[in-house]
Amino acid sequence: MSFARVRALVVVGVLAVAAVVFVVTALVRDSQGDAVTGEDCPAGAPLADVTLPDDPAEVTVRILNGTNTPGLADSVTNEFKNRRFTVQKPAESKTKYKGVAEIRFGPDAVGRAQLLRAYFLAQSKMEYNAKRKGAAIDIVIGSQFRQLATTTEVNQSLVEVGEPTLPPGSCIKPIKKKDDDS
């Protein structure tokens, strides 16, 4: 074996050992474990579900028309229905909205709202209400709305907006593990 090969093997070996030491050190010194388990959660804080849904059918939306355009809520509701979302009867918003869309949600729908945000290419206003009950989400369509994003655009937008973040004053809802019947 030549000297160059021995030297290359020694360098690769040293890098592998350094990588193992780095990973072990990072795992031992990890200080974020409590955030995931919710151990530091104050009493009475809302438990937020930050998991992204696997299927759009798990997301219930109600579309509100915040514009002067008649029938806009109906057409957007049909678009969401065609994309396999669970939809409620559309309605008119009491107030007009000038932006693209406003997504209103509570602690049970944080992850679901993040998915919906991607359908508006992260141009929607996120309106969190800690006292809101249930996982249904209201979307007020504004005057700057043009169309929902395509599937490819939604996937790209999800990468850009990242994982759902925990709203201020709330704690992570414990994840229910699916039981195997086997």
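Refer to the structure printed above.
Note that the structure is a prediction, hence the values are computed from the model and not measured.

Trainee: I keep staring at a nonpolar patch on the surface and nothing clicks. Help me out?
Mentor: There is a patch of nonpolar side chains on the surface, built from Met1, Val6, Leu9, Val10 and Val14 and spanning about 520 Å² of accessible area. Mapped onto the elements, Leu9 comes out in helix H1 (residues 3-28). For Leu9, a relative accessible area of 55% puts it in the exposed group.

Trainee: How do you make sense of unusual backbone geometry when you look at a structure like this?
Mentor: Trans peptide bonds make up the majority, and among non-glycine residues the majority have a negative phi. Residues other than glycine seldom take positive phi values, yet Arg84 does so here, at roughly 75 degrees. Within the secondary structure layout, Arg84 lies in the loop between helix H3 (72-82) and strand E3 (86-87). The residue Ala122 is not glycine, and still its phi comes out positive at about 60 degrees. In this fold, Ala122 is placed in the loop between helix H4 (110-119) and strand E6 (125-128).

Trainee: Would you mind going over the environment of Lys89 with me for this structure?
Mentor: Here Lys89 lies in the loop between E3 and strand E4 (91-92). Each C-alpha atom of the pair Lys89 and Arg104 lies 16 Å from the other, and the pair is 15 residues apart in sequence.

Trainee: How do you make sense of H3 when you look at a structure like this?
Mentor: For an α-helix the count is 3.6 residues per turn, leaving residues at separations of three or four pointing the same way. When H3 is considered as a whole, its buried residues turn out to be Leu72, Ala73, Val76, Thr77 and Phe80. Along H3, the residues classed as buried sweep out an arc of 130 degrees about the axis, all on the same side. Across H3 from its buried face, at more than 90 degrees, point the exposed residues Lys81 and Asn82. Those residues of H3 that are buried are in contact with strand E2 (60-65), E3, E4, H4 and strand E7 (137-141). One or two steps after H3, the chain reaches Arg84, where phi turns positive at roughly 75 degrees.

Trainee: Would you mind showing me how to read the nonpolar core here?
Mentor: Here is a general trend for soluble globular proteins: nonpolar side chains tend to be buried in one another's company. Counting 29 residues, the largest nonpolar core has Phe80, Leu116, Phe120, Ile137 and Ile139 as the members making the most contacts within it. When sequence neighbours within four positions are dropped, the list of residues in contact with Ile139 reads Val61, Arg62, Ile63, Leu64, Phe80, Ala101, Glu102, Ile103, Leu116 and Phe120.

Trainee: Any chance you could explain the packing of aromatic side chains here in plain terms?
Mentor: Each aromatic ring pair is summarised here by two numbers: the centre-to-centre distance and the angle between the ring planes. On inspection of all chains with the given rule, the structure shows six aromatic pairs. A ring pair is formed by Phe80 and Phe85, whose centres lie 5.1 Å apart and whose planes are at 90 degrees; its orientation type is edge-to-face. Judged by its relative accessible area of 0%, Phe80 falls in the buried class. Owing to a relative accessible area of 5%, Phe85 belongs among the buried residues under this scheme. Measuring from ring centre to ring centre gives 6.0 Å for Phe120 and Phe145, while their planes differ by 65 degrees; the resulting arrangement is edge-to-face. Residue Phe120 is found in the loop between H4 and E6, and its partner Phe145 is found in the loop between E7 and helix H5 (151-161); the two are separated by 25 residues along the sequence. For the pair shown, Phe120 and Phe145 are each scored as buried. Taken together, the ring pairs connect Phe80, Phe85, Tyr119, Phe120 and Phe145 into an aromatic cluster.

Calculation criteria
Residues numbered from 1 in each chain as written. Predicted model: local features only at pLDDT ≥ 70, side-chain atom pairs only at ≥ 80, totals over all residues. Heavy atoms only, no water. Patch = residues over 30% accessible without salt bridge, like charges linked within 9 Å, V, L, I, M, F, W, Y side chains within 5 Å. Areas by Shrake-Rupley, 256 points an atom, 1.4 Å probe, with all protein chains shown as cover. Salt bridge = Lys/Arg side-chain N within 4 Å of Asp/Glu carboxyl O. Helix = DSSP H or I, 4+ residues; strand = E, 2+ residues; numbered from the N terminus. Buried < 20%, exposed > 50% of the residue type's maximum accessible area, 1.4 Å probe, protein only. Arc of directions from axis to C-beta. Contact = heavy atoms within 4.5 Å. Core = buried A, V, L, I, M, F, W, Y, C linked by side-chain atoms within 4.5 Å. Phe/Tyr/Trp six-rings, centres within 6.5 Å; stacked < 30°, edge-to-face > 60°.

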